[in-house]
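This is what each chain is made of:
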Amino acid sequence: MRHSVNRPPTPDARDEQEKELTLQEKINIKLIESGEKERLMDLLRERLIECGWKDEMKALCRAFIKKKGRNNVTVDDLVHLITPKGRGTYNVYFTYIASIPDPVKAELLQRIWAFLNAAAL
């Protein structure tokens, strides 16, 4: 690496070549190249609509907007509101907030494992 007083180190070309991809990066590349990632995303969207998860998130946003006022809410406010619920985490009151339904997760996981076995990664 080359160093300078005024800027951060610049990696040499050989440093980039020596960096090997992680397993996660390799899997992501295979998913994208094969088109499987897009198919999995489509399946997820479909399942979330079927189980009412999307409507639940939409209702949560609408209630928040109604409470705060349309002109007083930003997209960031909505993201901060629904992210814990969407991910299934604990809120500030340490109450568990439901996430994506387990059967949906299981189906996606099964599809990913099948892909990995077929791709021999």
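Residues numbered from 1 in each chain as written. Predicted model: local features only at pLDDT ≥ 70, side-chain atom pairs only at ≥ 80, totals over all residues. Heavy atoms only, no water.

### Here we look at the environment of Ser34
Consideration 1: Structurally, Ser34 can be placed in helix 2 (residues 23–34).
Consideration 2: Classification of Ser34 as partly exposed rests on a relative accessible area of 33%.
Consideration 3: Along the chain, Ser34 and Phe115 lie 81 residues apart, while their C-alpha atoms are 9.8 Å from each other.
Consideration 4: For Ser34, the residues in contact, after removing those within four places along its chain, are Arg39 and Phe115. (Helix = DSSP H or I, 4+ residues; strand = E, 2+ residues; numbered from the N terminus. Buried < 20%, exposed > 50% of the residue type's maximum accessible area, 1.4 Å probe, protein only. Contact = heavy atoms within 4.5 Å.)

### So, the nonpolar core
Consideration 1: Counting residues in each nonpolar core, the largest one holds 13 residues, and the members touching the most others are Leu31, Leu44, Leu48, Trp53, Ile100, Val104 and Leu108.
Consideration 2: Secondary structure elements with two or more residues in this core: helix 2, helix 3 (36–50), helix 4 (53–68) and helix 6 (102–119).
Consideration 3: Leave out the neighbours within four places in its chain, and Val104 touches Leu44 and Arg47. (Core = buried A, V, L, I, M, F, W, Y, C linked by side-chain atoms within 4.5 Å.)

### Here's the deal with the packing of helix 4 against helix 5 (residues 75–87)
Consideration 1: The contact between helix 4 and helix 5 brings their axes to 10 Å, and the two run at 140°. Judged on the interaxial angle alone, helix 5 and helix 4 are oblique. In this structure, helix 4 crosses over helix 5, and the sense of that crossing is right-handed. Across the interface between the two elements, Trp53, Glu56, Met57, Leu60, Cys61, Phe64 and Ile65 from helix 4 touch Asp77, Leu78, Leu81, Ile82, Lys85 and Gly86 from helix 5. (Axes fitted to C-alpha atoms, helices over the stretch in contact; angles between N-to-C directions. Parallel < 35°, antiparallel > 145°, perpendicular 65-115°, else oblique. Left-handed = near helix turned anticlockwise from the far one by under 90°.)

### Some remarks on the confidence of the model for the chain
Consideration 1: Averaged over the chain, the pLDDT score is 82; the fraction of residues at 70 or greater is 75%.
Consideration 2: Confidence, read as mean pLDDT per element, is least for helix 1 (residues 13–18) in the chain (58) and greatest for helix 3 (94). (pLDDT = per-residue confidence, 0-100.)

### Observations concerning the environment of Trp53
Consideration 1: Mapped onto the fold, Trp53 is located in helix 4.
Consideration 2: What makes Trp53 buried here is its relative accessible area of 18%.
Consideration 3: In the structure, Trp53 is positioned 48 residues away from Pro101 in sequence and 8.2 Å away in space, judged by C-alpha atoms.

### Quick word on the environment of Asp42
Consideration 1: Among the secondary structure elements, Asp42 is positioned in helix 3.
Consideration 2: Residue Asp42 is classed as partly exposed on the basis of its relative accessible area of 37%.
Consideration 3: For Asp42, the side chain forms a polar contact with the side chain of Arg45, separated by 2.9 Å. (Polar contact = N/O pair within 3.5 Å; in protein donor to acceptor, adjacent residues only side chain to side chain.)

### Topic: the side chain of Glu36
Consideration 1: When you line up the elements, Glu36 lands in helix 3.
Consideration 2: Within the local environment of Glu36, its side chain forms a polar contact with the side chain of Arg111, the two groups lying 3.4 Å apart.

### Overview of the packing of helix 2 against helix 3
Consideration 1: Between helix 2 and helix 3, whose axes approach to 5 Å, the crossing angle comes to 85°. Here helix 2 is positioned roughly perpendicular relative to helix 3, judged by the angle of their axes. Taken together, the residues of helix 3 that come into contact with helix 2 (itself represented by Asn28, Leu31, Ile32 and Ser34) are Glu36, Lys37, Arg39 and Leu40.
Consideration 2: Broken down by class, the residue content of the contact of helix 2 with helix 3 amounts to three nonpolar, two polar and three charged. (Nonpolar A, V, L, I, M, F, W, Y, C, P; charged D, E, K, R; others polar.)

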